[in-house]
Structure formats: structure tokens, C-alpha cells
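Summary of structural features
Now for the letters of each chain:
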Amino acid sequence: MFPELNNLLNTTPDQAEQGKLTLLCDAKTDGSFLVHHFLSFYLKANCKVCFVALIQSFSHYNIVGQKLGVSLTTARERGQLVFLEGLKSAVDVFFRPQEEPHPLQFLREANSGNLQPLYEFVQEALKPMDSGEAAWRCPVLLVDDLSVLLSLGVGAVAVLDFVHYCRATVCRERKGNVVALVHDSGDAEDEENDILLNGLGHQSQLILRAEGLATGFCKDVHGQLRILWRRPSQPTAQRDRSLTYQYKIQDKNVSFFAKGMSPAVL
């Protein structure tokens, strides 16, 4: 995890909130550093994590995790991490009998909008522990990233339904958290992506949006991060609060600074 980002969010692994949906979004840049932050954050917070990884392999996340002070291999061996490797599972689903359930079963069905097997996988992975098992702090679902489901033919409404059921189970019933990344293509004609982003935005209590610089590439400033806190239960004037910072990604850390206040500029 990145300590400076924890400071901006006013949180630590010992004080992790529960019952929250966090939306990660990237536009004209790579927001994967946010995924790595929350993965290592919740592992260090001693949470039970179900990671639906649809973009990269387990070894990729493990290598980055080691730089951030966590071992995904160790976490998986001791039952803290349940990892669904989408790249490998997408191939496996075609080489098993039709009647055998699989989280990515929709890939081999004519109607690709059924994400119930994926939800049932999450539900089983984050079910309450038996008395003889290790006690984890709270369950966490992490998805990288939901936009892949759209590119595989799943409709935005079906993806929103999946997130809704996951929230009901993980956030409300089991007092855990859901974190999901969605890519903003910036294409005005991509209605499905807009529906997904807007739908999740209305449900989220915290939104982190990584954006590329309008001026283009800069070796000292890699982008800007907009942080939006949403409190639907609060009066309108107190409901939303937002901050914007620029950032630079380093080998084992990410540094944040106010717009125009990069050390390279000063």
C-alpha cells in the first residue's frame, strides 16, 4: 500500500471502514496502482479478500505485492486470499463438462448476461468462517476490472446487478467492503460504459478517479487523482467532498502533491 494515499484518505489498515463500496476509475492513464494499493491495504488489515482478477496473472500481482510488503502466495496458502485468475479460467471453462459450474460460465453460453455463477463464487469465497478456522477482520471483494465484462459481451445492467448482489451480501449482510475498477474509455458513443460508470458512481461512498494530464506526458508528473467522498445520508450541502492531487509513480511508492506543486517544478 502507499502511505501517502492512506494519509489523503485519512485511513490506516487498523482503522479500515466497513460496509463501503469504493469505485476506482481511470481515464487516459493506467489506474492499476490503485488496485495494488487496496489489495495490499486489506491484506495488511487482516481482511479475507476475494480478488476477481480479469486483467493480469497471479504472478504479476504477486510481484507488485512483494514490493508493497505483502505476499499473495502466503496469503492464499493460509486462506486469507481467494484469487480468481481470469486469464487462466477463461480457457479452463471451455475444457470442462458443461454441467460443472464455473465462475466464468457466461463465456460459453449464448446468453452471456448471466453472472450468477460468478456471484455464487464470491459468496462462497467470503462465507463466514467456521469456528475452527482463522478469524479475519471482515470480507472484501476486489475486482480488476469490471470493464472487461463489458468487452466480453455482458451488458452494463447485468454487471450492475452483479455488483448490487455483491454489495447486499458483502457490505450489508457481512459488513465488508467492495472495491472495483472501471475504465473510462472517454468514448461518447460507448453507452454501456457510461451506464456502468454512472450506476456505480451513484452507489459508491468513495470514488478515486485517476486521469492523464491534459498537457500530455511528463516524466515528473504521471497524472492526477480526484478523490470524491459521498455521504448519501447527509444533507445536500454536506453530502459530497472532493480533492484533486497530482501524482508520480515510483518503483515502490506513489508520491502525491497539490496541482502545480511537483518538486520538479519547484
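Everything below is about the structure shown above.
For clarity, every value in this text was computed on a predicted model and none was experimentally measured.

The mixed open sheet is built from nine strands, whose spatial order is β3-β2-β4-β5-β1-β6-β7-β8-β9. This sheet does not close on itself; its edge strands, each paired only once, are β3 (81-85) and β9 (254-257). Between one strand axis and the next, the sheet turns through 20° on average, direction left out of account. One ladder, built from six bridges, connects strand β6 (residues 206-211) with strand β7 (residues 223-230); its direction is antiparallel. Counted as the bridge partner of L208 is I227 from β7. Contacts between helix α8 (residues 156-173) and the sheet are confined to β1 (20-27), β4 (139-144) and β5 (177-183), with β5 contributing the most and set at about 155° to the helix. Where helix α9 (residues 191-203) meets the sheet, its contacts fall on β1, β5, β6 and β7, and the angle it forms with β1 comes to roughly 145°.

Right, let's get into the side chain of K48. Inspection of the secondary structure assignment puts K48 in strand β2 (residues 48-53). The buried category is assigned to K48, whose relative accessible area is 9%. From its side chain, K48 meets the backbone oxygen of A125 in a polar contact 3.2 Å long. In this structure K48 touches G79, Q80, V82, A125, L126, M129, W136, C138, P139 and V140, once residues within four positions along its chain are discounted.

Moving on, we get to α9. Compared with an ideal rise of 1.5 Å per residue, which puts 13 residues at 18 Å, α9 spans 19 Å between its outermost C-alpha atoms and is within 8% of the ideal. Within the span of α9, buried status applies to N193, L196, L197, G199, L200, G201 and Q203. Looking at the buried side of α9, the elements it contacts are β1, α7 (147-151), α8, β5, β6 and β7.

This part takes up the packing of aromatic side chains. Overall, the coordinates contain nine aromatic pairs when judged by the stated rule. Plain terms: the ring middles of F33 and Y247 are 4.9 Å apart, the flat faces sit at 45° to each other, and that makes the pair tilted. With F33 in helix α2 (residues 32-44) and Y247 in strand β8 (residues 240-249), this pair connects stretches of sequence that are 214 residues apart. Three or more aromatic residues joined by ring pairs form one cluster here, namely F51, F58, Y61 and F83. When the ring centre of F58 is taken as reference, the NZ or CZ atom of R76 above it lies at 3.8 Å.

Turning our eyes to something else, we now look at the pairing of β3. Most of β3 is tucked away: four of the five residues are buried. Pairing of β2 with β3, which is carried by five bridges, proceeds in the parallel orientation. Its bridge partner being in β3, V52 is matched across the sheet by L84.

With that out of the way, let us pick up the pairing of β9. By the alternation rule, side chains of β9 split into V254 and F256 and S255 and F257, which are all buried. In this structure, β8 lies alongside β9, joined through four bridges in antiparallel fashion. Within β9, the residue paired with Q246 across the bridge is F257. Count of turn residues in the β8/β9 antiparallel hairpin: four residues.

Counting residues in each nonpolar core, the largest one holds 42 residues, and the members touching the most others are L5, Y42, F51, L81, L208 and L225. Per-element accounting of this core gives the leading share, eight residues, to α2. Discounting residues that sit within four places of it in the chain, Y42 has contacts with A16, C47, V49, Q80, V140, N177 and V179. Grouped together as the second largest cluster of nonpolar side chains are 38 residues, C25, L54, L126 and C166 included.

In this section: unusual backbone geometry. With an omega dihedral of -15°, the bond running from D144 to D145 counts as a cis peptide bond. As for its placement among the helices and strands, D145 is situated in the loop between β4 and α7. Of note in the backbone geometry, N46 takes a positive phi value of approximately 65° without being a glycine. Relative to the helices and strands, N46 resides in the loop between α2 and β2. Phi angles above zero are rare outside glycine, and K175 is one such case at about 55°. Along the chain, the position of K175 falls in the loop between α8 and β5.

The rules behind each value
- Residues numbered from 1 in each chain as written.
- Predicted model: local features only at pLDDT ≥ 70, side-chain atom pairs only at ≥ 80, totals over all residues.
- Heavy atoms only, no water.
- Pairing = 2+ DSSP bridges.
- Helix = DSSP H or I, 4+ residues; strand = E, 2+ residues; numbered from the N terminus.
- Axes fitted to C-alpha atoms, helices over the stretch in contact; angles between N-to-C directions.
- Contact = heavy atoms within 4.5 Å.
- Buried < 20%, exposed > 50% of the residue type's maximum accessible area, 1.4 Å probe, protein only.
- Polar contact = N/O pair within 3.5 Å; in protein donor to acceptor, adjacent residues only side chain to side chain.
- Expected span 1.5 Å × (residues − 1).
- Phe/Tyr/Trp six-rings, centres within 6.5 Å; stacked < 30°, edge-to-face > 60°.
- Lys NZ or Arg CZ within 6 Å of the ring centre and 35° of its normal.
- Core = buried A, V, L, I, M, F, W, Y, C linked by side-chain atoms within 4.5 Å.

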